[in-house]
Amino acid sequence: MARESAKTTFWFIVPTIIFTLIPLVIKFWPKEEPNSILEYLISSVFDNFSLLASFVVPIILLSTAYYGLKKHEKI
């Protein structure tokens, strides 16, 4: 069953989007009107560096490894 479901990535993409993007949007939503987009981005990165380092970067690395292995499997 696992080998058959490995051919589709739907089971991987949907939970990743739901459990990664939605909390990030909630966390990074501006609490007040920023003066500029650059100011907002810089303050968001500095204020949420621990979240980025412990949550976002591992998700990106795991997704990259998953798709690299999936591409290698097709060869």
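Before reading on, note that the structure itself is shown above.
Please read these numbers as outputs of a predicted model, since none were measured by experiment.

Asker: Can you walk me through the environment of Ser54 in this structure?
Answerer: Looking at the secondary structure, you find Ser54 in helix H4 (residues 49-74). Look at Ser54 and you get exposed, because its relative accessible area is 56%. Within the structure, the side chain of Ser54 is placed 2.7 Å from the backbone oxygen of Ser50, a separation counted as a polar contact.

Asker: Looking at this structure, how should I read a nonpolar patch on the surface?
Answerer: Taken together, the side chains of Ile13, Ile17, Leu21 and Tyr67 present a nonpolar region at the surface, about 340 Å² in accessible area. Looking at which element gives the most residues to the nonpolar patch, the answer is helix H2 (residues 10-28), with three residues. When you line up the elements, Leu21 lands in helix H2. For Leu21, a relative accessible area of 47% translates into the label partly exposed.

Asker: What is the right way to read the side chain of Ser63 from this model?
Answerer: Tracing the backbone shows Ser63 in helix H4. Setting aside its immediate chain neighbours within four residues, Ser63 contacts Phe12 and Thr16.

Asker: Hey, could you run me through the packing of aromatic side chains in this one?
Answerer: Aromatic ring pairs are reported here in terms of the distance separating the ring centres and the angle at which the planes meet. For the structure shown, the criterion picks out one aromatic pair. Their ring planes at 75° and their centres at 5.2 Å tell us that Tyr66 and Tyr67 sit as a pair that is edge-to-face. Given a relative accessible area of 36%, Tyr67 falls into the partly exposed group.

Asker: Can you walk me through the environment of Pro58 in this structure?
Answerer: Among the structural elements, Pro58 can be located in helix H4. Apart from residues lying up to four places away in sequence, Pro58 is in contact with Leu52 and Ala53.

Procedures and definitions
- Residues numbered from 1 in each chain as written.
- Predicted model: local features only at pLDDT ≥ 70, side-chain atom pairs only at ≥ 80, totals over all residues.
- Heavy atoms only, no water.
- Helix = DSSP H or I, 4+ residues; strand = E, 2+ residues; numbered from the N terminus.
- Buried < 20%, exposed > 50% of the residue type's maximum accessible area, 1.4 Å probe, protein only.
- Polar contact = N/O pair within 3.5 Å; in protein donor to acceptor, adjacent residues only side chain to side chain.
- Patch = residues over 30% accessible without salt bridge, like charges linked within 9 Å, V, L, I, M, F, W, Y side chains within 5 Å.
- Areas by Shrake-Rupley, 256 points an atom, 1.4 Å probe, with all protein chains shown as cover.
- Salt bridge = Lys/Arg side-chain N within 4 Å of Asp/Glu carboxyl O.
- Contact = heavy atoms within 4.5 Å.
- Phe/Tyr/Trp six-rings, centres within 6.5 Å; stacked < 30°, edge-to-face > 60°.

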